[in-house]
Amino acid sequence: MRPNVIYHVECSLDGRIDWLKPNGFLYYRVIQDKKYDAMISGSNTILAAPMSQDEHIVKLLDQYLIVVDGQGKIRNWDLIKRQPHWNSTPIVLCTKRTPESYIRHVNAEQVHCIVAGDEHVDLRAALGEIAEKFDIKTIRIDSGGVLAGAFLREGLVDEVSLLLSPQLTGGTSPKTIFVADDLDSVKDVVVLELKETRVVEGGHVWLQYRIVQRTTQS
Ligand SMILES: NC(=O)c1ccc[n+]([C@@H]2O[C@H](COP(=O)([O-])OP(=O)(O)OC[C@H]3O[C@@H](n4cnc5c(N)ncnc54)[C@H](OP(=O)(O)O)[C@@H]3O)[C@@H](O)[C@H]2O)c1
């Protein structure tokens, strides 16, 4: 059985993830009492994430880090393993088209590697293998709208946890929380049921939803 998947994301009132005003990492603080076995990010999120270079880094969380990296972009696994927000045994998801040299690289770095899919990682198959091999029952998606969009369209998300920043950003580039091909029918809209709403500091609102109707692909 696949793990429970929660998409936790921070955005503006118009659903954008760019130009968010700094708020003391409220995105992480609102979920500090939640327990997840793993977090999953795409290669772009990991490449954009700040990494501590300190010699002695104290681990703060024991969750797995799972990275979707079908194109083999992430090289600095040694540094990634030492970061405080996950354990030191990351998992990378690749495809049959990922260069063989990259698979050798992650093996040499002692990073667990799961190969699933051709053009893109087959997320459903990968989740099944992850659950079985690592006993992972809950996963938080920590990504922008591209990876989350793939999860949502595949019907692989169970909950959406959305931190709403009190701002309107505007723009035409697709930097929103759900990037996917346009629908041709209303039947594929993802329908949500509100679980909880909380006003948090600085006028931010934290909304938690359960997905009640998945896409027709699920
Ligand atoms: N506001 C927030 O809460 C929040 C949270 C986290 C990150 N971010 C920001 O989000 C931005 C990046 O977000 P992003 O979503 O564009 O990048 P991302 O999280 O890095 O996701 C891109 C990944 O999705 C994979 N992918 C794309 N289409 C797929 C499909 N159909 N099936 C399976 N996998 C697929 C790609 O795989 P391949 O490697 O195989 O190409 C790539 O690794 C960064 O600026 C980051 O700082 C915001």
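For the structure, check the block above.
Summary of the structure given here. (Residues numbered from 1 in each chain as written. Predicted model: local features only at pLDDT ≥ 70, side-chain atom pairs only at ≥ 80, totals over all residues. Heavy atoms only, no water.)

What to know about the site of the ligand
Short version of the rule: Being near a molecule or strand, for a residue, means having at least one of its heavy atoms within 4 Å of it. For the purposes of these results, a polar contact is taken to be a pair of N or O atoms within 3.5 Å, where, inside protein, one atom must be able to donate a hydrogen and its partner to accept one; residues adjacent in sequence count only when each atom of the pair is a side-chain atom. Computed with a 1.4 Å probe, the accessible areas rest on the Shrake-Rupley method; for each residue, only the protein chains presented here act as cover. Put simply, DSSP H or I for four residues or longer makes a helix, DSSP E for two residues or longer makes a strand, and each gets a number counted from the N terminus. Only Asp, Glu, Lys and Arg are considered charged, only Ala, Val, Leu, Ile, Met, Phe, Trp, Tyr, Cys and Pro nonpolar, and every remaining residue, Gly among them, polar. In this entry, domain limits derive from an automatic or database-based domain assignment.
Near the ligand there are 22 residues, and of these E10, N44, T45, Q71 and V146 occur at the shortest range. In this structure, S43 approaches the ligand through a side-chain N or O atom, which is 3.0 Å from an oxygen atom. If the ligand stood free it would expose 930 Å²; the protein chains cover 79% of that surface. Every element with two or more residues in the shell around the ligand is listed here: β1 (4-12), α2 (43-48) and α6 (145-153). When residues of the shell around the ligand are assigned to their parent elements, the largest contribution, four residues, is made by α6. Of the residues that constitute the shell around the ligand, the class distribution is nine nonpolar, ten polar and three charged. Looking at which domains feed residues into the shell around the ligand, each of domain 1 (1-35 + 143-218) and domain 2 (38-136) supplies at least three.

A few points about the pairing of strand β3 (residues 64-68)
For the record, the criterion: Exposure classes here rest on a 1.4 Å probe applied to the protein chains alone. A residue is buried below 20% of its type maximum, exposed above 50%, and partly exposed in between. When DSSP finds at least two bridges between two strands, those strands are taken to pair. Call a crossover right-handed when, viewed with both strands pointing away from you, the route from the first strand across the helix to the second goes clockwise.
For β3, the buried fraction is high: five of the five residues fall into the buried class. Bridge count for strand β2 (residues 38-42) against β3 is five bridges, and the pairing is parallel. Bridging from a neighbouring strand, A38 pairs with Y64 of β3. As a crossover connection, the stretch from β2 through α2 into β3 is right-handed. Where β3 meets strand β4 (residues 91-94), three bridges bridge the pair, whose relative direction is parallel.

A word on the nonpolar core
What counts is decided by this rule: The term nonpolar core refers to a set of buried residues drawn from Ala, Val, Leu, Ile, Met, Phe, Trp, Tyr and Cys, joined through side-chain atoms within 4.5 Å. The criterion used for residue contact is that any of the two residues' heavy atoms lie within 4.5 Å.
Counting 35 residues, the largest nonpolar core has I66, L93, I136, F151 and V157 as the members making the most contacts within it. Ranked by residues supplied to this core, first place goes to helix α5 (residues 123-134) with five residues. Each of two domains, domain 1 (1-35 + 143-218) and domain 2 (38-136), supplies a minimum of three residues to this core. Not counting residues up to four positions away in its chain, the partners in contact with I136 are P3, D37, A38, Y64, I66, I91, I130 and A131. Core analysis: the next-biggest nonpolar cluster, separate from the first, contains 16 residues, W77, W86, C94 and V106 among them.

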